[in-house]
Amino acid sequence: MRIAIIGASRGLGACLCKIIPENNTVLAVARKRELLEKLGSNTKAKVQPFVADLSRDIRLLLDELDAFSADVIFCLAGGGPFGAFESKAWKDHVWAWQVGFLSVAQIVHAALNQKVRPRQIVLCGSAVAEQAGDPNAASYASAKHALRGLYESLKLENPALDLRLFSPGYLDTELLPKNAEVRYKGVWDPQKVAEELWTWSLASDHGGHRLYTHHPK
Ligand SMILES: NC(=O)c1ccc[n+]([C@@H]2O[C@H](COP(=O)([O-])OP(=O)(O)OC[C@H]3O[C@@H](n4cnc5c(N)ncnc54)[C@H](OP(=O)(O)O)[C@@H]3O)[C@@H](O)[C@H]2O)c1
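Residues numbered from 1 in each chain as written. Predicted model: local features only at pLDDT ≥ 70, side-chain atom pairs only at ≥ 80, totals over all residues. Heavy atoms only, no water.

## Considerations on the packing of helix α3 (residues 58–68) against helix α4 (residues 90–112)
Counted only if it meets this: Throughout, an axis means a line fitted to C-alpha atoms (over the contacting stretch in the case of helices), and angles, computed between N-to-C directions, take values from 0 to 180 degrees. The secondary structure listing takes helices from DSSP runs of H or I that are at least 4 residues long and strands from runs of E that are at least 2 residues long, numbered from the N terminus. Crossing chirality is assigned from the near helix's rotation relative to the far helix, an anticlockwise turn below a right angle marking it left-handed and a clockwise turn marking it right-handed. The contact criterion used is simple: two residues touch if any of their non-hydrogen atoms lie within 4.5 Å. Residue polarity follows a fixed list, in which Ala, Val, Leu, Ile, Met, Phe, Trp, Tyr, Cys and Pro are nonpolar, Asp, Glu, Lys and Arg are charged, and the others, Gly among them, are polar.
The contact between α3 and α4 brings their axes to 11 Å, and the two run at 35 degrees. In the packing of α3 onto α4, the handedness of the crossing is right-handed. For the pair α3 and α4, the contacting residues are I58, L61, L62 and L65 in the first and Q98, S103, Q106, I107 and A110 in the second. Tallied by class, the residues present in the contact of α3 with α4 amount to 6 nonpolar, 3 polar and no charged.

Quick look at the structure:
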């Protein structure tokens, strides 16, 4: 299979990249070239690194995705400023919306217009931020709400499309600051969650939504 992972250099995306079996080719997308190159020496699948910043290189990435012609696309990048909405610079909120929602919507739109569509697209929501407010993370949470709205609308519009929403709880990755209070209640192991993501992607849960609890039980 040909698999594109957007947000492959660290966190959940890097864990996923490492477990994909050898008979696959992965287009691994992120901003940091050195991390992508290091990742490539640590995977079973053949990795094609592609450096792109979703906040400004989306056209470049769409062209690359078109040429790569993925069977499956995992859109796993996301983030945003932490703190009171008004205290953060407007450009940082725009970044969160661009990276967490607009670029993902544009990737889906372009994929649906390809001659040969990917057979599956997986969006990454958040059990914490896609269905309720997340104080001090308003732009991140609003991007995740929008992503869920896009997923639910497209599912109704086009039931034949295998568009899935994967919504983890708190993960032990760099996205969650080391001193974040929520860590005391327990966080999910990104390696284990990536294994579940891969198994779920192969399973026949057409258009499904995998929703985690905030903390592991
Ligand atoms: N961590 C959590 O507690 C948690 C909870 C629920 C949902 N999620 C969701 O799970 C997904 C994965 O999160 P994670 O915790 O693995 O995050 P992470 O550790 O911060 O990794 C994010 C990945 O996205 C890439 N990325 C970030 N900004 C980018 C940009 N502008 N352009 C291209 N690539 C970019 C990063 O690589 P570079 O820095 O090299 O670009 C990295 O590979 C996200 O959608 C997140 O919202 C996370």
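More follows now that the structure is in view.
## Re the pairing of strand β4 (residues 72–75)
Where we set the bar: Accessibility here uses a 1.4 Å probe with only protein chains present; expressed as a share of the type maximum, an area under 20% marks a residue as buried, one over 50% as exposed, and anything in between as partly exposed. DSSP bridges decide pairing: two strands pair if at least two such bridges lie between them. Orient the strands so they point away from the viewer, and a crossover whose first-strand-to-second-strand path over the helix runs clockwise is right-handed.
Here β4 shows no split at all, with V72 and F74 on one side and I73 and C75 on the other all buried. Relative to β4, strand β1 (residues 2–6) is paired through 4 bridges, and the arrangement is parallel. From the neighbouring strand, I3 faces β4, where its bridge partner is V72. As paired elements, β4 and strand β5 (residues 120–124) share 4 bridges and run parallel to each other. Note on β5: the bridge partner recorded for F74 is V122. Once the chain exits β4 it traverses α4 before rejoining the sheet at β5, and the crossover so formed is right-handed.

## Structural notes on the sheet that holds β1
Taken together, the 7 strands give an open sheet; going across it, the order is β3-β2-β1-β4-β5-β6-β7, and neighbouring strands pair in parallel fashion. Each edge of the open sheet is held by one strand with a lone partner, namely β3 (46–51) and β7 (209–211). Along the sheet, successive strands turn relative to each other by an average axial angle of 15 degrees, direction set aside. Along the sheet, helix α5 (residues 138–157) contacts β5, β6 (163–167) and β7; its crossing angle with β6, the most-contacted strand, is approximately 150 degrees.

## Here we look at helix α6 (residues 190–202)
Let me state the cut-off plainly: Here the expected length of a helix is defined as 1.5 Å per residue gap, with one fewer gap than residues. By arc we mean the arc of the directions from the helix axis to the C-beta atoms, nothing more. Pairing of N or O atoms within 3.5 Å defines a polar contact, subject to two protein rules: one partner must be a possible hydrogen donor and the other a possible acceptor, and residues neighboring in sequence count only if both atoms are side-chain atoms.
Over its 13 residues, α6 extends 18 Å from the first C-alpha to the last, a length consistent with the 18 Å expected when each residue adds 1.5 Å. Among all positions in α6, only P190, V193, A194, L197, W198, W200 and S201 are buried. Down the axis of α6, the sector holding all buried residues measures 165 degrees, keeping them to one side. Residues of α6 that are exposed and point more than 90 degrees away from the buried face comprise T199 and L202. Between a side-chain oxygen at the N-terminus of α6 and the backbone nitrogen of Q191 the separation is 2.9 Å; the capping residue is D189.

## A look at the state of the cysteines
Operational definition: The rule for a disulfide is simple: a pair of cysteine sulfur atoms within 2.5 Å.
The final tally for this structure, using the stated rule, is 0 disulfides. Free of any disulfide, C124 has its nearest neighbouring cysteine sulfur in C75, separated by 9.4 Å. C124 gets classed as buried once you look at its relative accessible area, which sits at 7%.

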